[in-house]
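# A structural walkthrough
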Amino acid sequence: MRVVNKPFNKIDGMSLVKGKPLYTDDLCPPSALVVKVLRSPHAFARIKRIDTSEAEKLPGVECIFTYQNIHRKPFTRAGQCHPELSPYDKFLLDEYVRHVGDDVAIVAAVDEKTALNALKLIKVEYEVLKPVLDFETAEENPVLVHPEDDIFAHLPVGFDPKHNVACRVNFALGEVEKVLEECEVVISRTYKTQPQAQAMMETQRAFSYLDPYGRLVVVASTQIPFHARRILANALDIPASQIRVIKPRIGGGFGAKQTVNAEFYPALVTLKTGKPAKIVYTRSEVFNATTTRHAMKFTVTIGAMRDGKIRAIDVKALSNTGAYGEHAETTLGAAGKKVLPLYNKVEAVRFSGTAVYTNMVPGGALRGFGVTQGTYALESAVNELAAELNMDPTLIRDINMIKKGETTPLINMTTKGAGPDPMYMDSCMLDYCVKRGKELIKWEEKYPKYQVSRTKVRGLGMAIAQQGSGLPNIDMAAATIKLNDDGFFNLLVGATDLGTGAETILAQIAAETLGVDLEQIVVYSSDTDATPFDTGAYASSTTYTTGNAVIEAAVKMKEEIIKTGALYFNTQPEKIIFDGKYIICSATDEKISLADFSKKITYNLLHTQLSTTGSFVPKKQAPPYMAGFAEVEVDLETGKVEVVEFVGIVDCGTPINPKLARIQAEGGIVTGIGLALYEEVRYASNGKLVTDNFMDYKIPTRRDIGKITVEFAPGYEDTGPYGAKSIGEVVVNTVAPAIMDAIYNACGVRIRELPATPEKIWRALNC
Amino acid sequence: MVVNLKINGRHYTLDVPPDEILLTTLRNLGFNSVRQGCDTSTCGVCTVHVDGKAVLSCTVLTCRLDGHEVTTLEGVEEAAETIGRFLVEEGVEQCGYCSPGLIMSILYLEKCVPQPTDEQILHYLNGNLCRCSGYEGQLRAIKKYLEVKYGAGSKQAI
Ligand code: FES
Ligand code: FES
């Protein structure tokens with residue numbers, strides 16, 4: 001391969017490091033009205049009276065929206081395919097506010113100061129209601145987060161707001177109880193994961209204006225421009241044809257921007273006033289008013305034989321979706337569907353999950369998307385089983401985990417549109433990942449622990465994980481390739497580069513397929529008027545799904561060039577060869593360079609525009625896999641844990657760009673370290689966040705991470721573009737369970753509730 | 001309030017509200033490399049130099065800068081290009097939102113300790129958060145940059 005599997009620099013890299021004005025706020029016209037949102041100070045309340053008259057009188061205030069002067073129409077902000085699995089349980093503004101930070105009123109003014117002053121002048125009288133703040137008892141709680149009757153779910157997801165239930169996910173294979181009874185060892189453990197914040201450096205923001213045709217243009221820091229167009233159209237009650245969404249460079253997303261959030265407000269203002277309007281969220285707004293990783297609780301029961309063979313797994317899951325059911329079903333489902341197939345040799349498996357409403361910040365998408373939570377629970381339980389059996393955790397994996405060429409009916413059962421034919425995991429390199437990880441971390445030498453001083457012990461732990469590569473038969477991507485009059489190509493994709501280098505690798509794939517140099521591919525992306533459809537940057541789909549669409553478009557383009565070349569040379573297409581540089585007529589040995597050819601067919605002969613489009617939807621599960629190994633040092637006096645090293649061996653098939661893939665892996669592992677040791681969105685007893693800034697909410701700094709070692713397994717996925725699978729999310733999943741087991745091995749403390757703070761460990765050691 | 005200050009070598013006389021932070025002033029003037037990442041002076045994304053020292057532009061009031069000299073990434077284009085190239089070679093400019101602040105901190109580190117130990121690098125750059133890259137690659141890039149510039153004889157070993 002010439003271009004693929006090569007460490008090219010990101011095509012937009014130099015502009016980014018030179019600080020060029022490429023992000024949403026840099027592009028906003030200075031005349032834009034500034035939009036601010038009045039937010040609820042209460043976890044749950046009904047607005048009895050709201051008086052905006054004083055605020056409206058303030059010079060410079062352009063317009064104010066409250067639930068009283070806005071249309072009422074339920075919708076979901078979750079960015080997913082239509083019809084969404086998320087319930088339509090949100091209104092632009094509502095009489096009820098359901099969490100601290102929920103929106104009460106929208107103000108637009110000539111500048112920020114005026115807008116902020118206007119917020120202060122709005123008088124709201126609340127009937128403060130008793131909030132639901134404990135998700136473990138939410139289902140039985142007589143207080144209903146959604147008492148209104150006009151909300152609904154499009155699909156049968158078990159939506160039951162009269163019991164605070166947003167959805168249920170249940171699936172089973174075999175007879176769990178019966179097999180468990182036959183097992184020699186059964187362990188049952190409960191694990192909890194905390195809400196985690198996405199914490200991308202650029203907060204949510206958007207600006208809007210009307211184009212020359214009076215259509216609404218929304219420039220937004222989003223992961224999902226096409227879903228955003230549909231969601232905005234539905235919520236604002238205008239035709240989608242009247243909306244254009246553009247995503248410029250964005251300062252990270254990690255799932256936060258897979259939910260439409262800030263976009264509604266300036267859009268409303270522009271529609272009402274005809275003027276450009278913008279909103280930029282403060283960091284505190286991000287914490288209070290957007291989403292977090294769903295907090296989940298799992299009870300995992302595993303039945304095994306003394307020889308280590310796992311025969312049955314039963315998982316009961318409860319997810320806190322907060323005030324709105326955004327991504328509730330999909331994250332909960334993923335916690336089972338993309339976790340349990342790791343152990344494909346079981347005779348019985350069952351997953352029963354419920355996602356409940358509470359008066360807390362809504363759950364949403366965050367890199368790993370439920371799989372992270374589920375993997376922590378299942379992998380911790382498998383590690384506990386190994387300890388119970390006195391068995392090396394890598395051995396219990398070797399006996400039970402899925403290997404190359406294997407499958408489980410569970411995969412078909414949980415894949416939309418899967419037929420009866422088994423889907424074999426032909427590219428699974430887990431076996432290699434575990435073996436190589438053991439070597440790199442020096443497992444045989446160091447496992448389970450060694451003393452470094454009187455008070456410091458180092459322990460080792462490991463875990464395995466998978467994710468998906470796009471969503472089979474659901475998530476679709478398209479790509480258009482256009483030949484220009486100087487022999488270069490436009491590659492138009494709806495795909496959304498969050499900084500991961502998606503555009504670069506898609507250009508690499510196009511260049512490889514067309515046989516041209518990377519420089520000949522000019523990428524334009526994420527503009528709903530100008531690029532073809534793409535579901536967006538989520539579900540680890542861009543490389544695999546959009547990558548395949550790019551190949552299809554490029555193959556078609558080659559065919560077009562050959563067909564047009566045949567017309568040009570007045571011969572049959574079979575006699576034409578296109579080698580990336582020249583169009584060659586094999587009959588006569590005549591040739592013409594691509595640059596001359598494209599000029600000729602544009603200006604002199606044929607007069608034709610070559611343009612092709614490819615579309616792709618995954619048909620098969622092509623999960624990436626990973627084995628993660630942690631070495632930690634526990635300070636027995638303070639309970640503090642330091643990561644000495646984390647080794648991640650990743651099976652993402654062919655890395656299209658090994659350099660960018662490596663950084664994806666390193667970044668994902670650090671997010672996993674944050675989840676394992678530091679990060680937690682915490683609430684006061686009245687439902688107010690106590691961690692709504694980067695002082696109280698700690699993400700890892702460069703001091704907190706230890707050494708990170710990443711290698712790739714030499715895998716190849718037949719259905720992937722040039723053998724590639726995804727990488728963006730799988731890299732987060734092994735970290736927490738591996739670190740928890742390393743802590744246990746170092747000091748005997750099992751942390752079953754993330755994060756493993758020094759306090760928890762100290763208490764377990766001393767109390 | 002009227003302030004006279006130098007930004008990237010050019011004189012400015014500005015009339016700013018007394019509570020305006022330097023970050024806002026700079027963005028209003030079109031220095032878009034300066035960005036906001038937090039409300040609590042914790043992220044480092046807004047780092048600029050004031051009189052040659054790395055400073056969080058979100059924590060300085062513009063009206064206090066009368067007679068002072070401010071440098072943003074736009075004012076050190078050549079250095080940005082050079083250091084930036086090392087970051088790009090390593091692939092660590094993911095979303096790139098944190099890159100300008102990081103480069104300003106690297107320049108200050110380099111000025112104070114041209115041949116830093118790992119510990120000194122951490123000390124000077126710890127306040128520059130990055131959620132994308134995982135930091136490891138940044139460290140590789142920074143070490144390579146310093147090594148190429150100041151020679152392999154320096155203390156830092158790769
Ligand atoms: S904006 Fe975060 S430190 Fe200045
Ligand atoms: S590259 Fe995105 S925050 Fe650093």
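The rules behind the values
Residues numbered from 1 in each chain as written. Chains lettered and ligands numbered in written order. Predicted model: local features only at pLDDT ≥ 70, side-chain atom pairs only at ≥ 80, totals over all residues. Heavy atoms only, no water. Helix = DSSP H or I, 4+ residues; strand = E, 2+ residues; numbered from the N terminus. Rg over C-alpha atoms; globule rule 2.2 N^0.38 Å. Buried < 20%, exposed > 50% of the residue type's maximum accessible area, 1.4 Å probe, protein only. Contact = heavy atoms within 4.5 Å. Areas by Shrake-Rupley, 256 points an atom, 1.4 Å probe, with all protein chains shown as cover. Lys, Arg positive; Asp, Glu negative; His and termini not counted. Charge placed at Lys NZ, Arg CZ, Asp CG, Glu CD. Polar contact = N/O pair within 3.5 Å; in protein donor to acceptor, adjacent residues only side chain to side chain. Domains from an automatic or database assignment. Salt bridge = Lys/Arg side-chain N within 4 Å of Asp/Glu carboxyl O. Nonpolar A, V, L, I, M, F, W, Y, C, P; charged D, E, K, R; others polar. Pairing = 2+ DSSP bridges. Axes fitted to C-alpha atoms, helices over the stretch in contact; angles between N-to-C directions. Buried area = accessible area lost by both parts, 1.4 Å probe. 1 Å grid on protein atoms, 1.4 Å probe; cavity = no way out; pocket = protein on both sides within 12 Å on 5 of 7 lines; lining within 4 Å. Points joined across faces, edges and corners; volume = space filled by probe spheres on them. Core = buried A, V, L, I, M, F, W, Y, C linked by side-chain atoms within 4.5 Å. UniProt positions renumbered as here; feature names shortened; annotations may be inferred.

Per an unreviewed UniProt entry, chain B goes by Carbon-monoxide dehydrogenase small subunit and derives from Thermosyntropha lipolytica DSM 11003.

Under an unreviewed UniProt entry, chain A has the name CO or xanthine dehydrogenase, Mo-binding subunit and belongs to Thermosyntropha lipolytica DSM 11003.

### Things to note about the overall build of chain B
For chain B, the helix and strand inventory stands at five helices and five strands. A globule of 158 residues ought to have a C-alpha radius of gyration of about 15 Å, and chain B, at 16 Å, matches this closely. Each principal axis of the C-alpha atoms in chain B carries an extent, and together these give about 50 × 30 × 25 Å. Considering chain B as a whole, with its 158 residues, one finds that 56% of them fall into the buried category. Across chain B, every contact between residues at least 6 apart in sequence was considered, and the portion connecting residues at least 24 apart equals 58%. With the model as given, the accessible surface of chain B reaches about 6300 Å², and the carbon-plus-sulfur share is 51%. Chain B carries 14 positive and 19 negative side-chain charges, and their two centres are separated by 3 Å.

### Describing the environment of A:Thr638
Residues and elements named next belong to chain A. With respect to the helices and strands, threonine 638 occurs in the loop between strand E27 (625-635) and strand E28 (641-651). Spatially, the C-alpha atoms of threonine 638 and proline 758 are 6.4 Å apart, while their sequence positions differ by 120 residues. Excluding its chain neighbours within four sequence positions, the residues that come into contact with threonine 638 are Pro758 and Trp762. A polar contact of 3.2 Å, which involves the side chain of threonine 638, links it to the backbone nitrogen of lysine 640.

### Focus: the domain arrangement of chain B
All names here are of chain B. Split into domains, chain B comes out as domain 1 (2-74) and domain 2 (76-150). For domain 1 and domain 2, the distance between their C-alpha centres works out to 21 Å. Run the count over domain 1 and domain 2 and you get zero salt bridges. Where the side of domain 1 that touches domain 2 is concerned, the elements lending two or more residues are strand E3 (47-50) and strand E4 (53-56). It is E3 that contributes the most residues to the side of domain 1 that touches domain 2, three residues altogether. For the side of domain 1 that touches domain 2, the class distribution of residues is five nonpolar, nine polar and three charged.

### Comments concerning the interface of chain B and chain A
Of the residues lining the interface, 51 residues belong to chain B; the matching set on chain A comes to 54 residues. Joining chain B to chain A, the criterion identifies seven salt bridges. Note that A:Asp26 and B:Arg27 form a salt bridge whose closest N and O atoms lie 2.5 Å from each other. At the surface where chain B touches chain A, the tally comes to 27 residue pairs in polar contact (both at pLDDT 80 or more).

### What to know about the sheet that holds strand E21 (residues 489-493) of chain A
All names here are of chain A. One open sheet accounts for four strands, arranged E22-E21-E20-E26; its pairing is mixed. Looking at the sheet topology across the chains shown, the edges are occupied by strand E22 (521-525) and strand E26 (611-616). Taking each pair of neighbouring strands and ignoring which way they run, the sheet shows an average axis angle of 20°. Inspection of the sheet shows E21 paired to E22 by five bridges, in the parallel sense. Bridge assignment links leucine 492 to a residue of E22, and that residue is tyrosine 524.

### Here's the deal with the environment of B:Phe31
All names here are of chain B. Assignment of secondary structure puts phenylalanine 31 in the loop between helix H1 (22-28) and E3. Each C-alpha atom of the pair phenylalanine 31 and threonine 59 lies 17 Å from the other, and the pair is 28 residues apart in sequence. In contact with phenylalanine 31, not counting residues within four places along its chain, are Ile7, Asn8, Tyr12, Leu26, Thr72 and Glu74.

### Considering the domain arrangement of chain A
All names here are of chain A. Each assigned domain of chain A is listed with its residue range as follows: domain 1 (15-129 + 204-280), domain 2 (292-469 + 621-766) and domain 3 (472-616). Spacing between the C-alpha centres of domain 1 and domain 3 amounts to 37 Å. Taken residue by residue, the interface counts 21 residues in domain 1 and 21 residues in domain 3. Both faces combined, the contact of domain 1 with domain 3 buries some 1600 Å², and carbon together with sulfur accounts for 51% of it. Applying the counting criterion to the domain 1 and domain 3 interface returns four salt bridges. If you list the elements that add at least two residues to the side of domain 1 that touches domain 3, you get helix H6 (225-236) and strand E11 (243-246). A breakdown of the residues in the side of domain 1 that touches domain 3 according to their chemical character gives nine nonpolar, seven polar and five charged.

### Considering empty space enclosed by the protein
Residues and elements named next belong to chain A. If you walk through the whole model with that rule in mind, you get nine cavities of 30 Å³ or more. Its boundaries defined by the atoms lining it, the largest cavity holds a volume of some 600 Å³. In terms of lining, the largest cavity is formed by 40 residues, of which the most central are Thr500, Ser540, Gln664, Ile727 and Gly728. Those elements giving two or more residues to the lining of the largest cavity turn out to be helix H15 (502-514), helix H16 (542-569) and helix H18 (658-678). Of the residues that constitute the lining of the largest cavity, the class distribution is 19 nonpolar, 18 polar and three charged. Taken as a whole, the second largest cavity spans an internal volume of roughly 80 Å³. For the lining of the second largest cavity, the per-class residue count stands at five nonpolar, four polar and two charged.

### Points about the pairing of strand E5 (residues 103-109) of chain A
All names here are of chain A. Among the seven residues of E5, seven are classified as buried, and the element is accordingly described as predominantly covered. Direction of pairing for strand E1 (residues 33-39) relative to E5: antiparallel, over a ladder of six bridges. Bridge pairing in E5 links lysine 36 to valine 107. As paired elements, strand E3 (residues 61-65) and E5 share four bridges and run antiparallel to each other.

### So, helix H7 (residues 264-273) of chain A
Every α-helical turn comprises 3.6 residues, leaving residues that sit three or four positions apart pointing alike. Counting buried positions over the ten residues of H7(A) gives seven, a clear majority of the element. Directly beyond the C-terminal end of H7(A), a positive phi value near 75° is found at A:Gly274.

### Some details on the sheet that holds strand E4 (residues 96-97) of chain A
Residues and elements named next belong to chain A. Reading across from one edge, E4-E2-E6 is the order of the three strands in this open sheet, with antiparallel pairing throughout. Each having just a single partner strand, E4 and strand E6 (123-128) make up the two edges of the open sheet. Pairing analysis gives six bridges linking strand E2 (residues 45-51) to E6, with the strands arranged antiparallel. Considered in E6, the bridge of isoleucine 50 is made with valine 124.

### A closer look at the nonpolar core
Residues and elements named next belong to chain A. Counting 183 residues, the largest nonpolar core has Val300, Ile302, Ile313, Tyr343, Leu677, Ile739 and Ile743 as its most contacted members. What isoleucine 739 contacts, discounting residues up to four positions off in sequence, is Ala630, Val632, Val643, Phe646, Ile673, Ala676 and Leu677. Within the second largest apolar cluster, 45 residues are counted, among which are Phe489, Ala507, Ala510 and Ile601.

### Observations concerning the pattern of salt bridges
Residue and element names in this part refer to chain A. Evaluated as defined, the whole model comprises 74 salt bridges over all chains. Across the pair aspartate 150 and arginine 72 runs a salt bridge, and its minimum N-O distance is 2.7 Å. Of this pair, aspartate 150 sits in the loop between E6 and strand E7 (165-173) while arginine 72 sits in the loop between E3 and E4, and the two are 78 residues apart along the sequence. For aspartate 150, a relative accessible area of 31% gives the class partly exposed. For arginine 72, a relative accessible area of 41% puts it in the partly exposed group. For the salt bridge of glutamate 379 with arginine 397, the shortest nitrogen-to-oxygen distance reads 2.8 Å.

### Examining the UniProt feature "domain: Aldehyde oxidase/xanthine dehydrogenase a/b hammerhead" (unreviewed entry) in chain A
Within the UniProt annotation, "domain: Aldehyde oxidase/xanthine dehydrogenase a/b hammerhead" (unreviewed entry) is assigned to residues 18-130 of chain A. Summarising residues 18-130 of chain A: 17% helix, 30% strand, and an end-to-end C-alpha distance of 51 Å.

### What about the pairing of E26(A)?
Residues and elements named next belong to chain A. Across the two faces of E26 the burial differs, with Thr612, Gly614 and Phe616 buried and Ser611, Thr613 and Ser615 not buried at all. Two elements, strand E20 (residues 477-483) and E26, share six bridges in a ladder whose sense is antiparallel. Counted as the bridge partner of alanine 478 is serine 615 from E26.

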